[in-house]
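Here is how the chains run, residue by residue.
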Amino acid sequence: DQRKDADGNAKDKQLERFRINNDGKKMNTNQGIKVSNDEDSLKAGVRGPTIMEDFHFREKMTHFDHERIPERVVHARGFAAHGEFELYESMKEFTRANFLQDTSKKTPVFVRFSTVVGSLGSMDTARDVRGFATKFYTEEGNYDLVGNNIPVFFIQDAIKFPDLIHAVKPEPHNEMPQAASAHDTFWDFVANNQEIAHMIMWHMSDRTIPRSFRMMEGFGVHTFRFVNDKGRSRFVKFHWKPVLGVHSLVWDEAQIIGGKDADFQRRDLWESIEIGDYPEYELGVQMINKEDEFKFDFDILDATKLWPEELVPVKKIGKMTLNRNVDNVFAETEQVAFHPGNVVPGIDFTNDPLLQGRLFSYIDTQLIRLGGPNFAEIPINRPICPIHNNQRNGFSRQTINLGKVSYHKNSLAGNTPSTSTEKEGGFVHYEEKVEGRITRARSKSFDDHFSQARLFWNSMSPPEKQHIIDAFSFEVGKVKSKSVRQQVVDMFVHVDKVMATTVAENIGVNRPTGEQSKVIASSPALSQANTIKLPQT
Ligand code: HEM
């Protein structure tokens, strides 16, 4: 059974302290007073009126009135499970991250899969990017790998994220369409923010209608940093590879299934775990040495670019198994707070301007979504190591901090940070040298928007290409503004002329007159083949 499979897991033991089973128990109020009647409110006479002193009624109703919390501003609809991560080989040479050293150690994880655009009650099989967020409960604190099932992103700089989301969410005047990108504002954003080209090719492909969460890749997207115990750093990209392989639905299947069972993907995950057919994913890393940062024809800090696997192979370093369903969706799935800024010693950030902005956004939104600064105390968010610091108070504080000292430096309690020279030293940010003038100017190395979009198209099989043309025709075909429809085909002619021309004919606009862009490829091998190695679907 699932509980047995998770046995010995430090996170499961921690959660056990918070579980309450009401079965067969006598009902009482939140103050512990036994309840004598839960069906009739207290009244003056059998026909009323209701009396205010009915504390049981007031407490029950007040609690109900406050049951809802805001849904996530993006990735509102999601489903999660518990599991474990095992390492294949020690990564000591590359990172000092404690959970990546010892192959005999199992690290508890919690994973939430999601769609991006739809609201909490939207359908699972909508065409959308899927979130793939993993919380590793390591002995050195929580490490969150907050990824997506697509290796690149829509924009290059976080300051554009509110614009992207305003464009893709339902239009504000009539709140339509729900959970779909087939509308004017989204495609207007696309045509006027052309760094999105590569992502849109993935978006229009079958990758955005996955067959199952169990058959989906995950990508950290950004370039992160590994730092080993000698302080040497390497750039790293993270991948999850599903052991079952990557599989998608076709569009009509996705629509029919979504209509008949809006919960198709959460049900699939839940049931697989219930019957013991546990989903598995291998963790892969691509690494680039510090000296090779500028060896490529794309900027490795640009989140609209992937690192072709021909140039930088993916090394599989471990496996994650999801082996336990949640006990309570609200308590766990809804209250979990992932944050790309939750890193452990040995993993660090880079100057990717998209990543840098994310580091601000998650904690900021969670402060309101989860009601104040104590959300790290919610059971699902608690690290498995004890917490000692001088943070105090705030709404719904649960920890009872002993003593009178809540400041640093002090001589009364002696609670100090660990120095970096101690064996188990504290987190030390990687000492990257930075210099430059303060500016909003963008690096020219971020300017090539079409090479990888073209490589992606070239790498598709004929049926996949047809699916992409069909998806463009359906999605852009729903755009009311003819000017926007025209702008979109005029943009995508830079990816492929036949593709854009066919779409133009399908959606009733003029054939685009522009030309395909030349691929700027990072190696002679790539430019000759004109394709890119992609995981099979
Ligand atoms: C959720 C912001 C880019 C993956 C969220 C949330 C915010 C947000 C505010 C809601 C968090 C919550 O309520 O707990 C941003 C910003 C981005 C950005 C500002 C860019 C500047 C990305 C990228 C990825 C990503 C590039 C993938 C690599 C996710 C995932 C979730 C999420 C998976 C859902 C986490 C969960 O399941 O709770 N994002 N995001 N986001 N984001 Fe982002």
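Predicted, not measured: the structure shown is a model, and the values here were computed from it.

**Here's the deal with the overall build of the protein chain**
- Regarding its fold elements, the protein chain presents 15 helices and 10 strands.
- A compact globule built from 537 residues would reach a C-alpha radius of gyration of about 24 Å, and the protein chain, at 26 Å, matches this within 12%.
- If one aligns the C-alpha atoms of the protein chain with their principal axes, the spans along those axes are about 80 × 70 × 50 Å.
- Counting over 537 residues, the protein chain shows a buried share of 39%.

**Observations regarding unusual backbone geometry**
- Residue Pro 177 is bonded to the preceding Met 176 through a cis peptide linkage, with omega at -5°.
- Counting through the fold element by element, Pro 177 comes out in the loop between helix H4 (161-168) and helix H5 (184-192).
- His 408 connects to Lys 409 through a cis peptide bond whose omega is 0°.
- Among the secondary structure elements, Lys 409 is positioned in the loop between helix H10 (353-369) and helix H11 (451-458).
- Even without glycine at this site, Glu 175 takes up a positive phi of about 55°.
- Along the chain, Glu 175 turns up in the loop between H4 and H5.
- Since 10 C-beta atoms lie within 10 Å of it, Glu 175 is described here as exposed.

**Some thoughts on the site of the ligand**
- In the region of the ligand, 27 residues are neighbours, and His 75, Arg 112, Gly 131, Ala 158 and Val 221 sit closest.
- Mapped by element, the contributors of at least two residues to the shell around the ligand are strand S2 (106-115), strand S3 (130-138), strand S4 (141-148) and H10.
- Among the elements that line the shell around the ligand, the one with the most residues is H10, at 8 residues.

**Things to note about the UniProt feature "domain: Catalase core" (unreviewed entry) in the protein chain**
- Residues annotated by UniProt as "domain: Catalase core" (unreviewed entry) correspond here to residues 28-416.
- For residues 28-416, the end-to-end C-alpha separation is 44 Å, with 20% helix and 20% strand making up the annotated structure.

**Considering the environment of Ala 81**
- Examined against the element boundaries, Ala 81 turns out to sit in strand S1 (residues 78-87).
- A tally of 26 C-beta atoms within 10 Å means that Ala 81 is categorised as buried.
- Separated by 242 residues in sequence, Ala 81 and Asn 323 place their C-alpha atoms 7.5 Å apart.
- The contacts of Ala 81, once residues within four sequence positions are left out, are Val 111, Leu 269, Ile 273, Leu 322, Arg 324, Asn 325 and Val 326.

**Brief notes about the environment of Asn 415**
- With respect to the helices, strands and loops of the structure, Asn 415 is situated in the loop between H10 and H11.
- Judged by local crowding, Asn 415 falls into the partly exposed class, with 15 C-beta atoms found within 10 Å.

**A short note on the confidence of the model for the protein chain**
- On average, residues of the protein chain score 95 in pLDDT, and 96% of them are at 70 or above.
- Listed scores for the predicted complex are pTM 0.96 and ipTM 0.96.

**Some details on the packing of helix H13 (residues 482-492) against helix H14 (residues 497-507)**
- Orientation of H13 relative to H14, taken along the N-to-C sense of each, is 165°, at an axis distance of 8 Å. With respect to each other, H13 and H14 are oriented roughly antiparallel. Between H13 and H14 lies a crossing of left-handed hand. Counting all contacts with H13, which are made through Arg 485, Val 489 and Phe 492, the residues of H14 involved are Met 499, Ala 500, Val 503, Ala 504 and Ile 507.
- Taken together, the residues that form the contact of H13 with H14 break down as 7 nonpolar, no polar and 1 charged.

**Side note on the pairing of S1**
- With 8 of 10 residues buried, S1 lies mostly within the body of the structure.
- Sheet topology places S1 next to S2; 9 bridges connect them, and they run antiparallel. Pairing of Phe 79 across the sheet is with Phe 113, part of S2.
- Summarising the sheet, S1 and strand S9 (residues 315-325) pair through 7 bridges and their orientation is antiparallel. By the bridge assignment, His 82 is partnered in S9 with Arg 324.

**Describing the packing of H5 against H13**
- Their axes nearest at 9 Å, the elements H5 and H13 cross at an angle of 40°. Relative to H13, the element H5 is oriented oblique. The hand of the H5/H13 crossing is left-handed. On H13, the residues touching Asp 184, Trp 187, Asp 188, Val 190 and Ala 191 of H5 are Val 484, Gln 487, Val 488 and Met 491.
- Its residues placed into classes, the contact of H5 with H13 shows 6 nonpolar, 1 polar and 2 charged.

Cut-off values and rules
- In this convention, every chain numbers its residues from 1, walking through the sequence in written order.
- Totals for whole chains, interfaces and linings use every residue, but because this is a predicted model, local features are given only for residues with pLDDT of at least 70 and side-chain atom pairs only at 80 or more, for both listing and counting.
- Strands are runs of DSSP state E lasting at least two residues, helices are runs of H or I lasting at least four, and both sets are numbered from the N terminus onward.
- Computation of the radius of gyration draws on C-alpha atoms, with the globule rule given as 2.2 Å multiplied by the number of residues to the power 0.38.
- Three exposure classes are used, all based on how many other C-beta atoms lie within 10 Å of a residue's own C-beta (placed from the backbone): buried at 20 or more, exposed at 12 or fewer, and partly exposed between those limits.
- Near, for a residue, is defined by distance from a backbone-placed C-beta atom to a molecule or strand, with 6 Å as the limit that must not be exceeded.
- UniProt positions are given in the numbering used here, feature names are shortened, and annotations may be inferred rather than shown by experiment.
- Contact criterion: two residues are in contact if their C-beta atoms, reconstructed from the backbone, are within 7 Å.
- Per residue, pLDDT measures the predictor's confidence, with a range of 0 to 100.
- Angles shown run from 0 to 180 degrees and are taken between the N-to-C directions of axes, each axis being a line fitted to C-alpha atoms and, for helices, limited to the stretch in contact.
- Orientation is classified from the angle alone, with under 35 degrees giving roughly parallel, over 145 giving roughly antiparallel, 65 to 115 giving roughly perpendicular, and any other angle giving oblique.
- Handedness of a crossing is defined here by the sense of rotation of the near helix relative to the far one, left-handed for an anticlockwise turn of less than a right angle and right-handed for a clockwise turn.
- Amino acid classes used here: Ala, Val, Leu, Ile, Met, Phe, Trp, Tyr, Cys and Pro are nonpolar; Asp, Glu, Lys and Arg are charged; the rest, including Gly, are polar.
- When DSSP finds two or more bridges between a pair of strands, those strands are recorded as paired.

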